[in-house]
Amino acid sequence: MKRAIAPLRLTALDAADLEAISAALQDAVAQLGDFEFSRQQRNFTIAFNRFRWEAGGRKQRVRCGVQFGNVVAARSSNLRQGAEEAVVNLLSIGFEPGEAPSGVVVLVFSGGGELRLEVECLEVAMVDISAPWPATRRPEHGMDET
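Here the structure is a predicted model, which is why all the values come from computation and not from measurement. Within each chain, residues carry numbers counting from 1 in the order of the written sequence. Owing to the predicted nature of the model, reporting of local features is limited to residues with pLDDT of at least 70; listing and counting of side-chain atom pairs is limited to 80 or more, with chain, interface and lining totals taken over all residues. Computation of side-chain values covers all heavy atoms of the structure but excludes hydrogens and water.

## Some remarks on the pattern of salt bridges
The salt bridge definition used is simple: a Lys or Arg side-chain nitrogen within 4 Å of an Asp or Glu carboxyl oxygen. Summed over all chains, the structure comprises eight salt bridges. A salt bridge links Arg 52 to Glu 54, with the nearest nitrogen and oxygen atoms 3.5 Å apart. A 1.4 Å probe rolled over the protein chains alone gives each residue an accessible area, and that area as a share of the maximum for its type sets the label: buried under 20%, exposed over 50%, partly exposed in between. Using a relative accessible area of 30% as the deciding quantity, one classes Glu 54 as partly exposed. Sharing partners across several salt bridges, the network here consists of Arg 50, Arg 52, Glu 54 and Asp 128.

Written out as structure tokens, the structure reads:
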């Protein structure tokens, strides 16, 4: 009998922490309708179906939520505005420091899409919110993708 893997709950308060979240979310997919920016609460939330890399040889996905705090602005490029059903594939998340502790969180998607979140300071939380389900395949990357 295989041992169950606990749901992930990760927090990032610096660029090194964010690398762990980026690795866990590599190849996560989301619909653009699952992106939400709250100017009033100053956060940006995304619901992803992420591939469970930590499951080893098992091909599984799980629903997870990611929230970026202290967001003062959000800009995107090459993401279809208003296309709520459009699906995007996350390649990486990085942090470009500004005047400490501020900076820009950069989410890079396949096909050249990018989301840039200007933050007063880095505060990110990622939480698995469902049971895992079988994935049809393991994600693979071409030579030109990160």
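## Remarks on the environment of Val 62
With respect to the helices and strands, the residue Val 62 is situated in strand β5 (residues 60-69). C-alpha separation for the pair Val 62 and Arg 39, spaced 23 residues apart in sequence, amounts to 28 Å. The contact partners of Val 62, leaving out residues within four places of it in the chain, are Phe 48, Asn 49, Arg 50, Arg 52, Asp 128, Ser 130, Ala 131, Pro 132 and Trp 133. In this text, helices come from DSSP runs of H or I with a minimum length of four residues, and strands from runs of E with a minimum of two, each type numbered from the N-terminal end. We call two residues contacting when some pair of their heavy atoms lies within 4.5 Å.

## Looking at the layout of surface pockets
Throughout, the protein atoms alone are placed on a 1 Å grid, and a set of points is a cavity if a 1.4 Å probe fits but cannot get out or a pocket if it is open with protein on both sides within 12 Å along at least five of seven lines; lining residues have an atom within 4 Å of a point. Grid points are joined across faces, edges and corners, and a volume is the space filled by probe spheres set on the points. Each pocket or cavity is described by its volume, and for the largest pocket that value is around 280 Å³. In terms of lining residues, the largest pocket is bounded by 16 residues, among which Leu 32, Phe 35, Phe 44, Ser 76 and Gln 81 are the most central. Of all the secondary-structure elements, those providing two or more residues to the lining of the largest pocket are β3 (35-38) and β6 (71-77). In this structure, the second largest pocket encloses a volume near 170 Å³. In this structure, the second largest pocket is lined by Asp 27, Val 29, Arg 61, Asn 89, Trp 133, Pro 134, Ala 135, Thr 136, Arg 137, Pro 139 and Glu 140. Only Asp, Glu, Lys and Arg are considered charged in this grouping, and only Ala, Val, Leu, Ile, Met, Phe, Trp, Tyr, Cys and Pro are considered nonpolar; every other residue, Gly among them, is considered polar. When grouped by side-chain class, the residues that make up the lining of the second largest pocket number five nonpolar, two polar and four charged.

Interpretation in functional terms is not warranted from these geometric data alone.
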